[in-house]
Amino acid sequence: MADPVPTLIVDIGGTLITRARPGARSRVLTALAERGVPLDARQEQAIGDAIFTAPDLDACLRSLTSMYPDRLEAIEGALREPAGPATIAPGALDLVTTAVATGWRVIAATNAVAGTPPLPPELAAVSATACSADYGVAKDDPRFWHLLVEREDINPRLAFVVGDSPRTDREVPRAAGLQTRLARPGSGALATLAADLASAGPMPPDAAAVVVTDGEQWAGRPVTTAPHLEDLVVRVTRSRHRFVTGDGRSYWGQVVRRKSLAPAVVLDADAVPGVSWLLRQRERSRFVAPAGLRAALAAEDITLDDLSAEDHRHAISMIREARDADIAAERIADLVRFLRDKAAKSH
Amino acid sequence: MSELTLDHVGQLADSHGIPLLDTIMIAANSYGVRPVVEYPRVRMQIRPLDSEEVWQIILPLDNEQSPFELAGDRLLLSGAPVAELVGSENDDVVLTYLRAGGTSITLNTYSRSNCTGCLFCPNVIEDASDATLNSADELAGVLEWLLADNDWQDLSHAQVITVCSGCFNNPGAAIAHMGALRQAASRYAFTGRLHLLSSVLRDYDDLKRLREACGAMHLTLTLECFERRSLLLKDSKASLTLERACQILDDCRRLDILADFTYVAGLDSYESAIQGLSTLAGHVSTFPRIQVYQAHNDYMRNARHPEAANLSYYLRLRKELESVFAPIGLVPRSWENYRPLWYSTFAHGPVAGPRV
C-alpha cells in the first residue's frame, strides 16, 4: 500500500547543493579528453552509466578501465579525487524546511559516484537518499524512478520531482509517471517553490493528488503536465475536479487526456497556484424518483434497488424530462412494466 | 438471440446477398458485447478477419446474453474469431473527435451530457466530460487545443465541423452557437461546412438565419424513429412529425443547406421504417444517418421493436433501402456513420472509405 504522505523528491547536485569541484563524471571525461581520447555522445553515456551505477569505487574503476585499459592511471586519479566541499544552494534549506513543516517527506535523488560524502547536516530533514549506485541504474533511465517509487513506497499521485536537469529531472521522471518542476540554478526557483508549498499548506484529508505547475503553456493557455494522473483519464477524456490551496484559494479545473503527451491539468483560473491539491470527486448524487413513479412502484411492490447507479439515472431522467403529465405517465407505466417483467423472470 | 453463430450469420449473409463482413458488423452493433471491462461503451478499431482494412466501431459492452465477446485482441462470435482488435478506448462524451483522417471534426460543445430524455441515448449513463461553450472565444479555445493535440497549424485542411447536440432548447441558441463556431473556426483558416445535428430548427426564417449567420451548412434532423415518439424521445424531438421533417428538408434545399436526418433502425416495425424512410428519401440532399439500434442496458433492450430481435430485420431493411436511395444517387460514406447498415458495399458498389 503506497504511503499517503506527500513526497518531494529533490535532485542533489546542482539543486540542493553545489560542490567546488566538478563531479566524478566530468573529471573522468576531462582526464580522458586531455589524454587525447576522442569521445562521442554514446561513449560519454557509457562512462556516465559506469560511474553512476557502480556499487563502489573499485568496481567503477574496473568497469572504466575495461573500456579504456591504457588510461588506468588517468581514470583512477580523476575518480579518486575527493569531492569538493558542498555548499547548500540558495533556497534549498528553506525548501526542505518548509516541505517538512507542511507534512511532506523529502527524499534526495542523486547520480553521485559511490563514496560521495553525505548531505550537509543542515539538510538532515531529508529522510532518505536514493542513489543510482545503490539502484544499479542511473537517473536518466526511467527504471531509476520506478525503483525509487517502489523502494520508498511513494504514491506517485502525491509526489513530484524537482531538479535542474531538463532531461534527468523532468523528461525521464515524467516518462516514469512522476510530475516534475524544473529548478534552474540561480533562478530563485527553490525559494519560489518553498513559498508555493507554504501556500498549498498541509495535504487536505480529501486530497487525491498534488498538482505542481512548471510554467508551461500549451494550446495557448497555462497547463500542468500530469503523468501521475494518467489513470484519471482512462474511462473519460476529461475529468473535472476541485483544486484547493491551504491559503483558501479554490478552483475548478480538468485533467485532460492528450493524444501523444501526458495528460494536462487546466484550471479555470487566470492566476494558477504553483502547488495545489486535487480533491477526490464526490459520487454523483442519485436521482430522486418522482412521486408518480414512487406511487406506481409501491402499487406493484417493485423497487429500483436492483438498477445500477447508471441505469437508475437513465430511468429517472427519462421520466423527469417529460414535461407533459400524460407522457410522464406513459413513461412511468412503461418502466414499471419493464421492472415487473424483469422481476417475474428472475423469480 | 445468443445462439447466433458464425455459420448462422454466414447463411443469413448468403440468403440476403450481403457480404459476411457487413452482416457481422450489423450483428455486433445490434447485440453489443459481453462485459469484460468496466467501460460501458468502447470505441474500437477492428480488423475483421479476411479484411486488410481497419474499421471503427463503437459498441456497448453490457449485454450478458450477447454472442459477441472480447477475448484478448480478438472479437469472437460464439467462440469463433471474427475480428482482430487493433485499438480501443472508453467512449465517453468527448469534447472533440476526428473522422476521415481529421478532415471531419466533431464537437460536443453544448452540454451534450446534460441532454436527457431519449430512451436509447447512452449519454446519461456515461461520465460527463463535455461543457457548455457559448462564445467564439470559448470555442476558439477548444479549436486551439485540437490544433495542439494533433500538431496542426490551422484548420484549412478540414472540410466539415459537426456539432452533435440535441439540447439546444430553442432555435436562437442553436443559431448563436453555430454562428460563434463559424467565427471561431475562421480564425484558424477553416472555410469548410458547418454541420449541426438537431431538431430544434424548424421554421424557414430560422433556417435562413442559420444560413446567413454560418455560411455553408449541413443540417441533420434528429428524427430517430416514426413510432412511439413520445415514449422514446425527449419532448423537443418527439414533436417533430414526418410531414414537418419533409418540409424542413425542402426548405433546406431552397436555402442551399445540405440536409438529411438521423434514424435508429430497430425501434420501429419494419413496415413503418420502410414507409417513413421512403417518404423522406425524396427530400434529403445527402445520405441519411441510419444507425443500427444499440441498447446499453436491459431497459433499452426492452425498447427494441420485437420485429428487430431478428437479424433479418436489418438485412431486409438494408436491401430495401438500397432500392430507395440508389436510384436518387445517394450513397453512404463509412466515416460518417460508425453503426450503419452498410459497411463494405451499398447496392452494387463499394462504400467509400476511410473507415475511421
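Residues numbered from 1 in each chain as written. Chains lettered and ligands numbered in written order. Predicted model: local features only at pLDDT ≥ 70, side-chain atom pairs only at ≥ 80, totals over all residues. Heavy atoms only, no water.

It is worth spelling out the overall build of chain A at this point. On a plain count of helices and strands, chain A comes out with 12 helices and 14 strands. Here chain A has a C-alpha radius of gyration of 28 Å; the compact-globule value for 347 residues is 20 Å, and the former is much larger. Oriented by its inertia axes, the alpha-carbon framework of chain A measures out at about 95 × 45 × 35 Å. Relative to its full complement of 347 residues, chain A shows a buried share of 51%. (Helix = DSSP H or I, 4+ residues; strand = E, 2+ residues; numbered from the N terminus. Rg over C-alpha atoms; globule rule 2.2 N^0.38 Å. Buried < 20%, exposed > 50% of the residue type's maximum accessible area, 1.4 Å probe, protein only.)

Residues and elements named next belong to chain B. Most of strand β2 (residues 55–60) is tucked away, with six of its six residues classed as buried. Residues Trp55, Ile57 and Leu59 line one face of β2 and the alternating positions Gln56, Ile58 and Pro60 line the opposite face, and both faces are buried. In terms of strand pairing, strand β1 (residues 41–48) meets β2 through six bridges, oriented antiparallel. Within β2, the position partnered with Gln45 by the bridge is Gln56. Hairpin connection, β1 to β2: the antiparallel pair is bridged by six residues, and Asp50 has positive phi, about 75°. (Pairing = 2+ DSSP bridges.)

Residues and elements named next belong to chain B. The seven strands are arranged β6-β7-β8-β9-β10-β11-β12 in an open sheet whose pairing can be described as mixed. Each edge of the open sheet carries a strand with a single partner, namely β6 (96–99) and β12 (289–292). Between one strand axis and the next, the sheet turns by 20° as a mean value, whatever way the strands run. Pairing of strand β8 (residues 160–164) with strand β9 (residues 193–198) involves five bridges; the strand directions are parallel. Bridging from a neighbouring strand, Val163 pairs with Leu196 of β9. Helix α3 (residues 136–150) contacts β6 and β7 (104–107) of the sheet and is inclined by roughly 55° relative to β6. (Axes fitted to C-alpha atoms, helices over the stretch in contact; angles between N-to-C directions. Contact = heavy atoms within 4.5 Å.)

So, about the confidence of the model for chain B. Should pLDDT be low for a region, the predicted coordinates there are not to be read in detail. Per-residue pLDDT for chain B averages 93, and the proportion of residues at 70 or more is 98%. Two summary scores accompany this predicted model of the complex, namely pTM at 0.89 and ipTM at 0.89. (pLDDT = per-residue confidence, 0-100.)

Okay, the pattern of salt bridges next. One side chain can pair with another of opposite charge once the charged atoms of both are near each other. Scanning the entire structure with this criterion turns up 39 salt bridges over all chains. We note a salt bridge from A:Arg157 to A:Asp231, for which the minimum N-O separation is 3.0 Å. Of this pair, A:Arg157 sits in the loop between α7 (142–151) and β6 (159–163) while A:Asp231 sits in the loop between β10 (221–225) and β11 (238–244), placing them 74 residues apart in sequence. Here A:Arg157 falls in the partly exposed class, since its relative accessible area comes to 21%. Salt-bridge contacts for A:Arg249 lead to A:Asp247; the nearest nitrogen and oxygen are separated by 3.1 Å. Beyond isolated ion pairs, a larger network of salt bridges with shared partners links A:Lys342, B:Asp62, B:Asp298 and B:Arg301. (Salt bridge = Lys/Arg side-chain N within 4 Å of Asp/Glu carboxyl O.)

Within the largest apolar cluster, 139 residues are counted, with the highest numbers of intra-cluster contacts made by A:Leu293, B:Phe68, B:Tyr293, B:Tyr314 and B:Phe325. Once you skip the residues sitting within four places of it in the chain, B:Phe68 turns out to touch B:Ile24, B:Ala27, B:Ala28, B:Tyr31, B:Gly32, B:Val33, B:Arg34, B:Leu75, B:Leu76, B:Leu77 and B:Val82. Judged by nonpolar contacts, the second largest core, of 33 residues, contains A:Ala92, A:Trp104, A:Phe160 and A:Val162. (Core = buried A, V, L, I, M, F, W, Y, C linked by side-chain atoms within 4.5 Å.)

Residue and element names in this part refer to chain B. Pairing is antiparallel in the open sheet, where five strands are placed in the order β2-β1-β5-β4-β3. The outermost strands of the open sheet, each flanked by one partner alone, are β2 and β3 (68–71). Strand-to-strand twist across the sheet, computed as the mean angle between neighbouring axes with direction ignored, equals 40°. As judged from the four bridges shared by strand β4 (residues 74–77) and strand β5 (residues 80–90), these two strands associate in the antiparallel manner. Following the sheet pairing, Arg74 is matched in β5 by Glu84. Each of β1, β2, β3 and β5 touches helix α2 (residues 20–31); the most contacted strand, β2, lies at about 30° to it.

Once that is clear, we can look at helix α1 (residues 6–16) of chain B. Residues and elements named next belong to chain B. Restricting attention to buried positions, one finds in α1 the residues Val9, Gly10, Leu12, Ala13 and His16. Taken end-on, α1 shows its buried residues confined to a sector of 165°, consistent with a single buried face. Exposed positions of α1 whose direction lies more than 90 degrees from the buried face are Asp7, Gln11, Asp14 and Ser15. Looking one or two residues past α1, Gly17 carries a phi angle of roughly 65°, positive in sign. (Arc of directions from axis to C-beta.)

As a further point, take the interface of chain B and chain A. Contact residues are listed per partner, giving 38 residues for chain B and 35 residues for chain A. Where chain B abuts chain A, roughly 3400 Å² becomes buried across the two surfaces, and 51% of that area is made up of carbon and sulfur atoms. Where chain B touches chain A, the interface holds two salt bridges. When the shortest N-O distance is used, the salt bridge between A:Arg257 and B:Glu89 registers 2.3 Å. Viewed at the interface, chain A and chain B are joined by 17 residue pairs in polar contact (both at pLDDT 80 or more). Counting only elements with at least two residues in the side of chain B that touches chain A, the list comes to β5, α3, α6 (229–232) and α10 (298–303) of chain B. Looking at the side of chain B that touches chain A residue by residue, the classes come out as 19 nonpolar, nine polar and 10 charged. (Buried area = accessible area lost by both parts, 1.4 Å probe. Polar contact = N/O pair within 3.5 Å; in protein donor to acceptor, adjacent residues only side chain to side chain. Nonpolar A, V, L, I, M, F, W, Y, C, P; charged D, E, K, R; others polar.)

Residues and elements named next belong to chain B. At the junction of Gly353 and Pro354, the peptide bond is cis and its omega measures out at 0° in the coordinates. You can see Pro354 is positioned in the segment after β14 (349–350). For Asp50, which is not a glycine, the phi torsion comes out positive at approximately 75°. Here Asp50 shows up in the loop between β1 and β2. With a relative accessible area of 85%, Asp50 lands in the exposed category.

What follows concerns the pairing of strand β8 (residues 207–212) of chain A. Residue and element names in this part refer to chain A. The element β8 is extensively covered by neighbouring structure, given that six of its six residues are classed as buried. Judged from the five bridges that link them, β8 and strand β14 (residues 275–279) form a sheet pairing that is antiparallel. Across the sheet, the residue bridging to Val212 is Val275, located in β14.

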